[in-house]
Amino acid sequence: MNWQSITFDWNQARAFLVTAEEGSLSAAARALGLTQPTLSRQVAALEETLGVTLFQRVSKSLILTEAGVELAEHVRAMGDAASRVSLAASGQSQQIEGLVTVSATDLTAAHLLPDILRGLRQKAPGIEIKVHCSNSLSDLRRREADIAIRHVEPDHPDLYARKLRDAPARIYAARSYLEKFDRKLSLQDADQTEFIGFDNNEELVGYLRGFGLNVSEANIKLSSPYGVVAWEYVRQGLGLSIMADEIAALFPEITVAFEDLKPVTFPIWLVTHRELHTSRRIRIVFDHLAEGLLALGANECSRMPETESPKRHA
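What counts and how
Residues numbered from 1 in each chain as written. Predicted model: local features only at pLDDT ≥ 70, side-chain atom pairs only at ≥ 80, totals over all residues. Heavy atoms only, no water. Helix = DSSP H or I, 4+ residues; strand = E, 2+ residues; numbered from the N terminus. Buried < 20%, exposed > 50% of the residue type's maximum accessible area, 1.4 Å probe, protein only. Contact = heavy atoms within 4.5 Å. Areas by Shrake-Rupley, 256 points an atom, 1.4 Å probe, with all protein chains shown as cover. Core = buried A, V, L, I, M, F, W, Y, C linked by side-chain atoms within 4.5 Å. Salt bridge = Lys/Arg side-chain N within 4 Å of Asp/Glu carboxyl O.

Draft legend 1. Geometry of the overall build of the chain. The helix and strand tally for the chain stands at 11 helices and 11 strands. Here the chain holds 314 residues, and 42% of them are scored as buried. Taking as baseline every contact in the chain between residues at least 6 positions apart, the subset at least 24 positions apart corresponds to 76%. For the chain, the exposed area adds up to about 17,100 Å²; of that, 49% sits on carbon and sulfur atoms.

Draft legend 2. Examining the nonpolar core more closely. In this structure, Ile171, Phe195, Leu213, Trp231 and Phe258 are the most contacted members of the largest nonpolar core, which totals 36 residues. When contributions to this core are tallied by element, the ones reaching two or more residues are strand 6 (159–174), helix 7 (175–178), strand 7 (195–197), helix 8 (201–210), helix 9 (227–235), strand 9 (241–244) and helix 10 (245–248). With 5 residues, the top contributor of residues to this core is strand 6. Once you skip the residues sitting within four places of it in the chain, Phe258 turns out to touch Ile171, Leu185, Ser186, Leu187, Ala190, Phe195, Leu213 and Leu240. Judged by nonpolar contacts, the second largest core, of 21 residues, contains Ala109, Ala124, Ile147 and Ile268.

Draft legend 3. Spatial organisation of helix 2 (residues 25–32). For helix 2, the full list of buried residues reads Leu25, Ala27, Ala28 and Ala29. Of the surrounding elements, those touching the buried residues of helix 2 are helix 1 (10–22), helix 3 (36–50) and strand 2 (61–64). Positioned one or two residues after helix 2, Gly33 has a phi angle of 70°, which is positive.

Draft legend 4. Up close: the pattern of salt bridges. A complete count under the given rule lists 10 salt bridges for this structure. Between Lys123 and Glu291 there is a salt bridge, with the nearest N and O atoms lying 3.8 Å from each other. Residue Lys123 is found in helix 6 (residues 113–123), and its partner Glu291 is found in helix 11 (residues 280–301); the two are separated by 168 residues along the sequence. Since its relative accessible area comes to 46%, Lys123 is described here as partly exposed. Arg235 serves as the salt-bridge partner of Glu253, at 2.5 Å between the closest nitrogen and oxygen.

Here you go:
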């Protein structure tokens, strides 16, 4: 390899790549934790070093030039290689101190993780935990998180996944909401009720129909992409929603909405990168989370009736 031919700075290349992927200097600066002028200087320095124009400035947007598109492919490969170096280094670390980032939905993070993390603090006080709340799938390979609690099985070979259990869920309502019906609800009452939506109301209707409920998007009068917010609306008596039994059980003002409706189940997966799984501190956190989430399931199973998996309807 001709090392003397490599004349540009990796930080400048990274600034260019993040700007290309984020679409603006301001967004890229936020992603990298830099100021916008600093980032702009790095991109300009790379253009000067290579002798090409990488972006066209159109109004407030940045559009990649033909040279920029070609360069972005190569720099992206460099970024992936840099991520693998970081992963390998983290995986070899045998320290039981340091940061571990855990990704989970906001509902799981707010209502299930506190007791589990309290126990981890006693077991490994040198480990710092950062909880990344996301209702989407975090890209573990790009280090958005070291460990993720997911409800779908990952399909990438670089990821190590352990299915912990199937958790039961039902449709719940505040007791104050049900009082207006002056009777117990049955499946036939579904079209007369209001539901609290989450991020995708069309998908939610599919799940509700899988329960056997005759509902449409017209039954969803209020929604929020944030699970904690949507659940608070349920608690305040504004509508019904699907919720994991282990979370609903924490709220005495909440009860099962339909007496004649069986619960359904959803999977709980614990996922990390295969290389990170060899890191002692990440393995400690992974195993502790698995132990805690399994214990929650054992507590629920002792008092839950038979469950079934929902059928999906378009």
